[in-house]
Number of protein chains: 4
Amino acid sequence: MPSYDLLNTYNTIRAGTVDLCMPLCTEDYGVQPIIDVSPPKWHLAHTTWFFETFILVPYMKGYKVFNSDFAHLFNSYYESCGDRVLRSERGNLTRPTVKEIYAYREYVDQNIRKLLAGSVLESSLQELFIIGLEHEQQHQELLQADIKYIFGTHPLLPAYRQETQQQINPKKNPQFIKINEGVYPIGATESAFSFDNEKGRHNTYIHPFEIADSLVTNGDYLEFIKNKGYETFSLWHDEGWAFINHHHLKAPLYWQKREDEWFYYTLQGLQKMNENEPVGHVSFYEAHAYADWAGMRLPTEFEWEVAAPHFSWGERWEWTQSAYLPYPGFQKESGAIGEYNGKFMVNQMVLRGASCATSLQQKRITYRNFFHPHIRHQFSGIRLARQGK
Amino acid sequence: MPSYDLLNTYNTIRAGTVDLCMPLCTEDYGVQPIIDVSPPKWHLAHTTWFFETFILVPYMKGYKVFNSDFAHLFNSYYESCGDRVLRSERGNLTRPTVKEIYAYREYVDQNIRKLLAGSVLESSLQELFIIGLEHEQQHQELLQADIKYIFGTHPLLPAYRQETQQQINPKKNPQFIKINEGVYPIGATESAFSFDNEKGRHNTYIHPFEIADSLVTNGDYLEFIKNKGYETFSLWHDEGWAFINHHHLKAPLYWQKREDEWFYYTLQGLQKMNENEPVGHVSFYEAHAYADWAGMRLPTEFEWEVAAPHFSWGERWEWTQSAYLPYPGFQKESGAIGEYNGKFMVNQMVLRGASCATSLQQKRITYRNFFHPHIRHQFSGIRLARQGK
Amino acid sequence: MPSYDLLNTYNTIRAGTVDLCMPLCTEDYGVQPIIDVSPPKWHLAHTTWFFETFILVPYMKGYKVFNSDFAHLFNSYYESCGDRVLRSERGNLTRPTVKEIYAYREYVDQNIRKLLAGSVLESSLQELFIIGLEHEQQHQELLQADIKYIFGTHPLLPAYRQETQQQINPKKNPQFIKINEGVYPIGATESAFSFDNEKGRHNTYIHPFEIADSLVTNGDYLEFIKNKGYETFSLWHDEGWAFINHHHLKAPLYWQKREDEWFYYTLQGLQKMNENEPVGHVSFYEAHAYADWAGMRLPTEFEWEVAAPHFSWGERWEWTQSAYLPYPGFQKESGAIGEYNGKFMVNQMVLRGASCATSLQQKRITYRNFFHPHIRHQFSGIRLARQGK
Amino acid sequence: MPSYDLLNTYNTIRAGTVDLCMPLCTEDYGVQPIIDVSPPKWHLAHTTWFFETFILVPYMKGYKVFNSDFAHLFNSYYESCGDRVLRSERGNLTRPTVKEIYAYREYVDQNIRKLLAGSVLESSLQELFIIGLEHEQQHQELLQADIKYIFGTHPLLPAYRQETQQQINPKKNPQFIKINEGVYPIGATESAFSFDNEKGRHNTYIHPFEIADSLVTNGDYLEFIKNKGYETFSLWHDEGWAFINHHHLKAPLYWQKREDEWFYYTLQGLQKMNENEPVGHVSFYEAHAYADWAGMRLPTEFEWEVAAPHFSWGERWEWTQSAYLPYPGFQKESGAIGEYNGKFMVNQMVLRGASCATSLQQKRITYRNFFHPHIRHQFSGIRLARQGK
């Protein structure tokens, strides 16, 4: 990729993050209602800090850091980079202000442009750029989920954006795609960018299975609710059962019943539930229980990757029944960048596909997303699978 | 009080609250770093809600509430007034925005002015006005303590206001004032405004005691620290000992040691500790332990009230060894206003006097402030007493 | 008191503790279902440790401690006496066994008898004896409350002892005793044993009041329940309201409704509720709310002490509206014994009187019992008071 | 298996459980120091309840349950079997007494013997017997781990049994066994008993790897400690790092340093650490961090199963880097027995092999043990692996 393209791509992606924040008031930028949600302003600063720390500081001669405190404030989790503000304290960072953070973005962007205007980049630097931009796009998705949570749990349920043309989703019954037993390759090839956790293309033995060509819909899920799915212990993991009972869960996040009719919060505000849309905002526990109730199961991430060319995907991240573990031969990168993925490979489940909030560039078949099984504020959904013959 | 004066007083006090917020950025208005601290914006709205709910709605014909959601959002604790947002969720109220809250204040203020411009107020309404203004001034004090906490626990320790001329406090040794045994009257007379909790002037039997004419200073308190006060179990209440150990406390709130020198956060930013200033931001537990170490004790609130005409006070709220309990004949007001004080009369200790953040009008000798014994972010201090003969 | 009497008293009181444990199985001795309840075996050992540590070790020449580990294991709260097992871990002390603890008691008792058989005791030692025996009797009461909790929360509700002849309590309406305003003496005189917290007889100013000559009954309390007392916010302290809602409380401890009839656990097992018995096992919060609902209030501890000669008491500890605070001139004893009472003088409420579980010797009018306001497993009750004229 | 053998096996295994409890005092039977540890008495009753509920009640005509309350008290987790005592409350079950539980065992054993003395068992019943006996043996192992925890965290560190002949473990360096890439069968065949979670023999693709022929020793692990392994963030999972810091962990469970020498609690009491023994009582987090520090990794459970015929195992359960997930085609059994394994397949890691506390019959190569990654009181250890070529 010539640096000219890199410049264009950089400008486009960085502007994309800012665009997502345009509907926000200053007040919306700062809150952290639960520990899993970060303040929008923190996303803006943290993604900028990434470019400053891993590119400008080491690679641009004479670069002066915008504000030396920011390394401390906006380092998300890189222990190797020194002290960091406790994750739970992000919502208390009144300063720097939103305006200062935008100034920070501008300052870093201008310097990056200067750097890119120079001679051809060495390949290690080019790689860092790409990681930085992938990282930025990951945060764009998180930003949308976090904004939805901030607005969707506010007592007034404010709308984030105006009503968009609602798509018509004709009801259709899923067809099941059959995949034969055999050895299949899994994981990213070296030809394009991928994260360390998807690397290491390798053979996997797949047993015969069938997988639905469409996602479980709100209407389907409503049947599960009506059928006492949330009250039927045998469908649930032991920890899932404890989870839904402790939090008194009876439906996906953002759903509410008003006088016998179901509504849900959307980024356009509260709306009547559309039965034909794919269900969203379910935890792994709920996805698993639903599949069990339907007499099926979730696919493994390997099954998903093998079958994905045969169905359409990209509206919801799809929970799999695979735990997030290293691929054979997985190697952490050296240095702080190496903290990127490996240290999260315990107690989390893999989601495959992409969502309505994912940037196009990240919609690739080998991408491995992962969350703790109780997480519901991501744009997650359910696809069913079953054993084949 | 003729309504003309009331208008002036209203305008002055309401403007005072806004003045305190002038140094704030929009971002500073919204956070709640601990449950005991409310966002500045919440104080602005809640005090306004008080006038709207208890005065405009019942007394002004044709008054239209500014926004019917606000009753829900800014009702602090009046269960009788319906649902309220959980105290712990105040920091997540991104909306209404700061601008909207100022518009709310303006709207209510204009209507109040209209109301006051009318005929003479009936006395029950006048009383409500006075309660509203006293309430507003109480929140002015809380606002300053809360702002100090928000700024003073931010990793960057921003200053709230510019350096003011530092007073010179010449070191002086306290003199002890002797009070004779006898029956003394305690509590507010009917001649001026007072809260329900100070009402009911009544006799109390006082035993001979002596009380210091000045407060314990930072220098005094430093001796206690150096003398291993925080490590000496026998000086502490059992719960105080557990409290300081659980939180690893070794000094008052806002104190920090940098290279063998003591500093503390002030509203002007971090400053070198002044040994001659009265110590502040101590919990009741610390005040008690200090007094025990000094071979003395804290005064009761009754002793304090009897002796107060004989010393100067008003820089720090002074912890007493009296629990916050009803006076003989204490009566709750009827209706929501009645929730004001009585329901807090358990597990809290009385503080007497006033602080640098108290409005002049509230600096009266019978005023009873109260907090849980672990609270340290208020402008609290220590005055010593001992038995007399 | 000649040492001969002391010996008899010692033998009687020590045997009394053992008697209370006779109905227990070995398994009942060891559990601690909540942190406020200690295992019966712990009471047996701790009271013995007290005599060993404060009397035998310092006063008996050549005394060999039974087991040096016990100082660590059975020191309840005397920080001055060194390390101690965390209170919350008492239920995990499988060893020493019950048998070993009885051997320990026997060993200490025999040595104490030898000591008493010697010459006349110096008065300081005699005082320690008396404190030890008072302490033992306090633990007898705690032991009964703790046993009741262990049995009364066991899913099988086993009986502790056989059915006793149930007393007949004819229903009677309380009469109100009037007490005039004036200065009254409060606190223990020097003529008999008393704890440090009751010492320092001193004048108190009492305002005119009236106090009921009998306790609130189960039948009375049932009216409060039926009248939605537990659902009426305005009757409760703010913290009381939070407490009953958090724990879903709807009745006193041990009460349960079975098919529209009320039962409660007694030491004889589950029994139909007797409406004429004084209500028991209520928290301070409930006592206060009940009194408020009845249009009255709880007495202060001073009012109680002044009025007590005029009514019968001793079935239930009676919650007062006085916080547990030091009397004028209160002095901690020096040394470890000095930790006895003072360090608890915060966040607790005073109970006056005595209960069905109190030893006769401790039923004195100046005795000050104290518990946190949420405690319900003690034999606590309610007596009403109101302002007089 | 003819029922004659079944009878012998039944008698032997049931007696084995009782044998393990012979060194216990009555007091040791009842405690639950952490939620993961069950009281020994609970194990005795629960395993008996299993035979009563799943065999005697449905299959023996005229069988009278020993005590109908026991179903409620000793149902561990079978939600389908009705209410159960909260896991966290097991330590408060003073009743039934140890003696009653032994009577319960005796009663059930006699009835089982009668049943077995009858005609040939139908195969479904025979299967239930085998599950019951496997279940009993699993509890024998848990019982030993739980007893070790109860004794090993008691302040007095009592010994559970007498000193046994300590084995001599000559120091040896591990050799690495090479396994070639290919498709290998995994899982239990139908020829012998296995649990549902090991069933479904299926192909798995294995990449070339090498695996150590012996376990990591205490001496090895000590190097990791000395080399600041517990202070080096980059070796740990993010959650592992939080875990060891929150609990201040610096060594495996039961290790303690006394004057520069390392000791550990063993079932014979505290002993000097033997550097040549395999390290035990480590969490998955510690096992993973150790492997990373050693420049290697843990094996997957599939690698382990393929390589196990080539090395000796059975002293420690060995943590793998595989999450506990269903095998292809996994089917829950119907009814309550079906709750056995599937509902735990989230957030747990697989351990392979067996330990010194495992019964011989359960030492099979396909057995899948599983625990949460923080669990340390099991007899767990570490075997290293690395990628091959």
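Since we're looking at a predicted model, the values are computed, not measured.

Reading the values: the criteria
- Residues numbered from 1 in each chain as written.
- Chains lettered and ligands numbered in written order.
- Predicted model: local features only at pLDDT ≥ 70, side-chain atom pairs only at ≥ 80, totals over all residues.
- Heavy atoms only, no water.
- Helix = DSSP H or I, 4+ residues; strand = E, 2+ residues; numbered from the N terminus.
- Rg over C-alpha atoms; globule rule 2.2 N^0.38 Å.
- Buried < 20%, exposed > 50% of the residue type's maximum accessible area, 1.4 Å probe, protein only.
- Contact = heavy atoms within 4.5 Å.
- Areas by Shrake-Rupley, 256 points an atom, 1.4 Å probe, with all protein chains shown as cover.
- Lys, Arg positive; Asp, Glu negative; His and termini not counted.
- Charge placed at Lys NZ, Arg CZ, Asp CG, Glu CD.
- Buried area = accessible area lost by both parts, 1.4 Å probe.
- Salt bridge = Lys/Arg side-chain N within 4 Å of Asp/Glu carboxyl O.
- Polar contact = N/O pair within 3.5 Å; in protein donor to acceptor, adjacent residues only side chain to side chain.
- Least-squares fit on C-alpha atoms with pLDDT ≥ 70 in both.
- Domains from an automatic or database assignment.
- Nonpolar A, V, L, I, M, F, W, Y, C, P; charged D, E, K, R; others polar.
- Pairing = 2+ DSSP bridges.
- Axes fitted to C-alpha atoms, helices over the stretch in contact; angles between N-to-C directions.
- Phe/Tyr/Trp six-rings, centres within 6.5 Å; stacked < 30°, edge-to-face > 60°.
- Parallel < 35°, antiparallel > 145°, perpendicular 65-115°, else oblique.

1. Description of the overall build of chain A
Then step 1. If you tally the helices and strands in chain A, you get nine helices and twelve strands.
Then step 2. Against the 2.2 N^0.38 benchmark of 21 Å for 389 residues, chain A shows a C-alpha radius of gyration of 22 Å, consistent with a compact globule.
Then step 3. Each of the three principal axes of chain A carries a C-alpha extent, and together these read 65 × 50 × 40 Å.
Then step 4. Considering chain A as a whole, with its 389 residues, one finds that 60% of them fall into the buried category.
Then step 5. For chain A, long-range pairs separated by at least 24 residues make up 77% of all intrachain contacts whose partners lie at least 6 apart in sequence.
Then step 6. Looking at chain A as shown, the accessible area adds up to about 16,000 Å², and 52% of this sits on carbon and sulfur atoms.
Then step 7. One way to put it: in chain A the 37 positive side-chain charges average out to a point 1 Å from where the 45 negative ones average out.

2. Quick notes on the interface of chain D and chain A
Then step 1. Between chain D and chain A, the residue contacts involve 38 residues of the former and 37 residues of the latter.
Then step 2. Here chain D packs against chain A, burying approximately 2,900 Å² in sum over the two surfaces, 56% of which is carbon and sulfur.
Then step 3. Of all residues in chain D, F233, V346 and N347 of chain D give up the largest surface area on contact with chain A, accounting jointly for 18% of the area buried on that side.
Then step 4. The tally of links between chain D and chain A comes to two salt bridges.
Then step 5. The interface formed by chain D and chain A includes 16 residue pairs in polar contact (both at pLDDT 80 or more).

3. With respect to the relation of the copies chain D and chain A
Then step 1. Superposing chain D onto chain A requires a rotation of 180° together with a translation of 0.0 Å along the rotation axis, leaving an RMSD of 0.0 Å. The superposition operator between the copies reduces to a two-fold rotation axis.
Then step 2. The share of interface residues of chain D whose copies in chain A are also at the interface is 97%, consistent with both copies meeting through the same surface.

4. With respect to the relation of the copies chain C and chain B
The operation relating the pair of chain copies consists of a rotation about an axis and a translation along that axis.
Then step 1. Each copy of the sequence occupies a distinct position, and chain C is placed on chain B by a rotation of 180° and an axial shift of 0.0 Å, giving an RMSD of 0.0 Å.
Then step 2. With an isologous cut-off of 70% or more, the 97% of interface residues of chain C that recur at the interface of chain B puts this contact in the isologous class.

5. Details of the domain arrangement of chain A
All names here are of chain A.
Then step 1. Under the domain assignment, chain A is made up of domain 1 (6-152) and domain 2 (176-387).
Then step 2. The interface is formed by 28 residues belonging to domain 1 together with 29 residues belonging to domain 2.
Then step 3. Interface area for domain 1 against domain 2, summed over the two sides, is near 2,500 Å², with a carbon-plus-sulfur share of 58%.
Then step 4. Our count for the domain 1 to domain 2 interface comes out at one salt bridge.
Then step 5. Taken together, the connections running from domain 1 to domain 2 amount to ten residue pairs in polar contact (both at pLDDT 80 or more).
Then step 6. Contributing elements (two or more residues each) for the side of domain 1 that touches domain 2: α1 (3-21), α2 (40-59) and α5 (123-152).
Then step 7. Looking at which element gives the most residues to the side of domain 1 that touches domain 2, the answer is α5, with 17 residues.
Then step 8. Taken together, the residues of the side of domain 1 that touches domain 2 break down into 14 nonpolar, eight polar and six charged.

6. Some points on the sheet that holds strand β7 (residues 269-272) of chain A
Residue and element names in this part refer to chain A.
Then step 1. Taken together, the three strands give an open sheet; going across it, the order is β5-β6-β7, and neighbouring strands pair in antiparallel fashion. If you trace the sheet from one side to the other, it starts and ends with β5 (255-258) and β7, each paired once. Along the sheet, successive strands turn relative to each other by an average axial angle of 35°, direction set aside.
Then step 2. In this sheet, β7 lies alongside strand β6 (residues 261-266) in antiparallel orientation, the contact comprising four bridges. Following the sheet pairing, Y265 is matched in β7 by L270.
Then step 3. Each of β5 and β6 touches helix α6 (residues 218-226); the most contacted strand, β5, lies at about 70° to it.

7. Describing the pattern of salt bridges
Then step 1. Using the criterion set out here, one finds 68 salt bridges over all chains in the structure.
Then step 2. Where R105 of chain C meets E136 of chain C, a salt bridge forms, and the shortest distance between an N and an O atom there is 2.8 Å. With R105 of chain C in helix α4 (residues 98-117) and E136 of chain C in helix α5 (residues 123-152), the pair connects residues that are 31 residues apart, well separated along the chain. With respect to burial, R105 of chain C and E136 of chain C carry one shared label: buried.
Then step 3. Its salt-bridge partner being E210 of chain D, residue K178 of chain D comes within 4.0 Å of it at the nearest N-O pair. In this pair, K178 of chain D sits in strand β1 (residues 176-179) while E210 of chain D sits in strand β4 (residues 209-212), placing the two residues 32 residues apart along the sequence.
Then step 4. When its relative accessible area of 63% is taken as the criterion, K178 of chain D is described as exposed.

8. Digging into the environment of S283 of chain A
Residue and element names in this part refer to chain A.
Then step 1. Mapping S283 onto the fold places it in the loop between β7 and α8 (284-293).
Then step 2. We classify S283 as buried; its relative accessible area is 0%.
Then step 3. Sequence separation of S283 and D196 is 87 residues, and the distance between their C-alpha atoms is 25 Å.
Then step 4. Among residues more than four places away in sequence, those in contact with S283 are F243, W319, P373, H374, I375 and R376.

9. Comments concerning the sheet that holds strand β10 (residues 369-371) of chain D
Residue and element names in this part refer to chain D.
Then step 1. The four strands lie next to each other as β10-β9-β8-β11, forming an open sheet whose pairing is mixed. Of all strands in the sheet, those bounded by a partner on one side alone are β10 and β11 (380-381).
Then step 2. Examined bridge by bridge, strand β8 (residues 317-323) and strand β9 (residues 349-353) share four bridges and lie antiparallel to one another. Residue pairing in the sheet places W317 in a bridge with G353 of β9.

10. Points about the side chain of S355 of chain A
Residues and elements named next belong to chain A.
Then step 1. Among the structural elements, S355 can be located in the loop between β9 (349-353) and β10 (369-371).
Then step 2. Of note is the side chain of S355, whose polar atom sits 2.8 Å from the backbone nitrogen of A357.
Then step 3. In this structure S355 touches E141, G314, E315, R316, W317, K363 and F379, once residues within four positions along its chain are discounted.

11. Structural notes on the interface of chain C and chain B
Then step 1. Counting residues at the interface gives 37 residues for chain C, matched by 37 residues for chain B.
Then step 2. Between chain C and chain B the total buried area reaches about 2,900 Å² when both faces are included, carbon and sulfur atoms providing 57% of it.
Then step 3. It is F233, V346 and N347 of chain C in chain C that bury the most area against chain B; as a group they hold 18% of the surface buried on that side.
Then step 4. Taken together, chain C and chain B are joined by two salt bridges.
Then step 5. A salt bridge links D292 of chain C to K332 of chain B; the nearest nitrogen and oxygen atoms lie 2.8 Å apart.

12. Remarks on the packing of aromatic side chains
Then step 1. Counted according to the given criterion, the structure contains 156 aromatic pairs over all chains.
Then step 2. Their ring planes at 85° and their centres at 6.0 Å tell us that F151 of chain B and Y160 of chain B sit as a pair that is edge-to-face.
Then step 3. By relative accessible area, F151 of chain B is classed as buried at 2%.
Then step 4. Taken together through their ring pairs, the aromatic side chains of Y221, F224, Y230, W236, W255, W262, Y264, Y290 and W293 of chain A make up a single cluster.

13. Focus on helix α8 (residues 284-293) of chain D
All names here are of chain D.
Then step 1. Buried residues dominate α8, accounting for seven of its ten residues.
Then step 2. Listing the buried residues of α8 in full gives F284, Y285, E286, A287, A289, Y290 and A291.
Then step 3. Those residues of α8 that are buried lie in contact with α6 (218-226), α7 (238-246), β8 and β9.

14. Topic: the pairing of strand β5 (residues 255-258) of chain C
All names here are of chain C.
Then step 1. Across four bridges, the pairing between β5 and strand β6 (residues 261-266) is antiparallel. In the sheet register, R258 faces β6, and the bridge partner there is E261.
Then step 2. The hairpin turn running from β5 into β6, its antiparallel successor, is two residues long, and E259 in that turn takes a positive phi close to 50°.

15. Re the pairing of strand β1 (residues 176-179) of chain A
Residue and element names in this part refer to chain A.
Then step 1. What you see with β1 is a clean split: I177 and I179 sit on the buried side and F176 and K178 on the side with no burial.
Then step 2. Alignment of β1 against strand β4 (residues 209-212), held across four bridges, turns out to be antiparallel. Looking at the pairing, F176 lines up with A212 of β4.

16. A few points about the packing of α6 of chain D against α8 of chain D
All names here are of chain D.
Then step 1. One way to put it is that α6 packs onto α8 with a least axis distance of 11 Å and a crossing angle of 80°. Overall, the two elements α6 and α8 adopt an arrangement that is roughly perpendicular. Across the interface between the two elements, D220, Y221, E223 and F224 of α6 pack against E286, A289, Y290 and W293 of α8.
Then step 2. Residue composition of the contact of α6 with α8, by class: five nonpolar, no polar and three charged.

17. So, the environment of N276 of chain A
Residues and elements named next belong to chain A.
Then step 1. Summarising the element assignment, N276 is placed in the loop between β7 and α8.
Then step 2. Along the sequence, N276 and N169 sit 107 residues apart, while their C-alpha atoms lie 5.6 Å from each other.
Then step 3. For N276, the contacting residues outside a window of four places in its chain are N169, P170, K171 and T217.

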